[in-house]
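Coordinate inspection notes
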Amino acid sequence: MAKIYIKKGDTVYVNAGNDKGKTGKVLSVSPEKSRAIVEGINVVSRHTKPNSKQPQGGIIKQEAPVHISNLQLIDPKSQKPTRIGHRIENGKKVRYAKKSGEVI
């Protein structure tokens, strides 16, 4: 299992696949599968039967999971994709952007 550097709420850049070049906010992360669901990325159509939530049923657009290796965190300072490092600051382990050195 790979290390997960991305957390829920992070803004990420998609560097591979059909949505290459787009950015979005992470809605959820699944570390055991090394996948994340990103807002507006990898949108698929699901055909659903009528139920209590959707009395009409029909086709619903929703985000599908994307592999973590295809995502890069956006640097808060330069707003460009960056790699992530870890360091200890004031006794706490923090993530920082390797491009600018700024704490995320």
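This section reports on the structure supplied with the text. (Residues numbered from 1 in each chain as written. Predicted model: local features only at pLDDT ≥ 70, side-chain atom pairs only at ≥ 80, totals over all residues. Heavy atoms only, no water.)

1. Concerning the sheet that holds strand β6 (residues 66–67)
In spatial order, the strands read β6-β3-β2-β1-β7-β8; together these 6 strands make up an open sheet with antiparallel pairing. Edge positions in the sheet fall to β6 and β8 (81–82), since each of these pairs with one other strand and no more. With 3 bridges joining them, strand β1 (residues 11–14) and strand β2 (residues 23–30) adopt antiparallel strand pairing. Counterpart to Y13 in the pairing with β2 is T23. (Pairing = 2+ DSSP bridges. Helix = DSSP H or I, 4+ residues; strand = E, 2+ residues; numbered from the N terminus.)

2. Regarding the pattern of salt bridges
Two side chains bearing opposite charge may form a pair once their charged atoms approach each other closely. Counting across every chain of the model gives 3 salt bridges. Linking D10 and R95 is a salt bridge whose minimum nitrogen-to-oxygen distance equals 2.9 Å. With D10 in the segment before β1 and R95 in strand β10 (residues 92–97), this residue pair connects regions lying 85 residues apart in the sequence. We classify D10 as buried; its relative accessible area is 10%. Between D19 and K22 there is a salt bridge, with the nearest N and O atoms lying 3.0 Å from each other. Relative accessible area serves as the criterion here: at 14%, D19 is assigned to the buried category. (Salt bridge = Lys/Arg side-chain N within 4 Å of Asp/Glu carboxyl O. Buried < 20%, exposed > 50% of the residue type's maximum accessible area, 1.4 Å probe, protein only.)

3. Observations concerning the side chain of T82
Along the chain, T82 falls in strand β8. At 3.1 Å, the side chain of T82 forms a polar contact with the backbone nitrogen of K99. Discounting residues that sit within four places of it in the chain, T82 has contacts with Q72, L73, I74, D75, A97, K98 and K99. (Polar contact = N/O pair within 3.5 Å; in protein donor to acceptor, adjacent residues only side chain to side chain. Contact = heavy atoms within 4.5 Å.)

4. Some remarks on the nonpolar core
Counting residues in each nonpolar core, the largest one holds 12 residues, listed as I6, V12, V14, V26, A36, V38, I41, V66, I68, L71, L73 and I84. Residue assignment for this core shows that the elements contributing at least two residues are β1, β3 (35–38) and β7 (71–74). Sequence-distant contacts of L73, defined by excluding residues within four places in its chain, comprise D10, T11, V12, K80, P81, T82, I84, R95 and I104. (Core = buried A, V, L, I, M, F, W, Y, C linked by side-chain atoms within 4.5 Å.)

5. Comments concerning the pairing of β1
Along a regular strand, successive side chains alternate from one face of the sheet to the other. Of the two faces of β1, the one lined by V12 and V14 is fully buried and the one lined by T11 and Y13 carries no buried residue. Pairing geometry for β1 and β7, over 3 bridges, is antiparallel. What sits directly across from V14, in β7, is L71.

6. A word on unusual backbone geometry
In this structure, N42 takes a positive phi of about 55° despite not being glycine. Despite not being glycine, Q79 shows a phi value in the positive range, around 60°. The residue Q79 is located in the loop between β7 and β8 in this model. On the basis of relative accessible area, Q79 is assigned to the exposed category, the value being 55%.

This is a description of form; function is not addressed.
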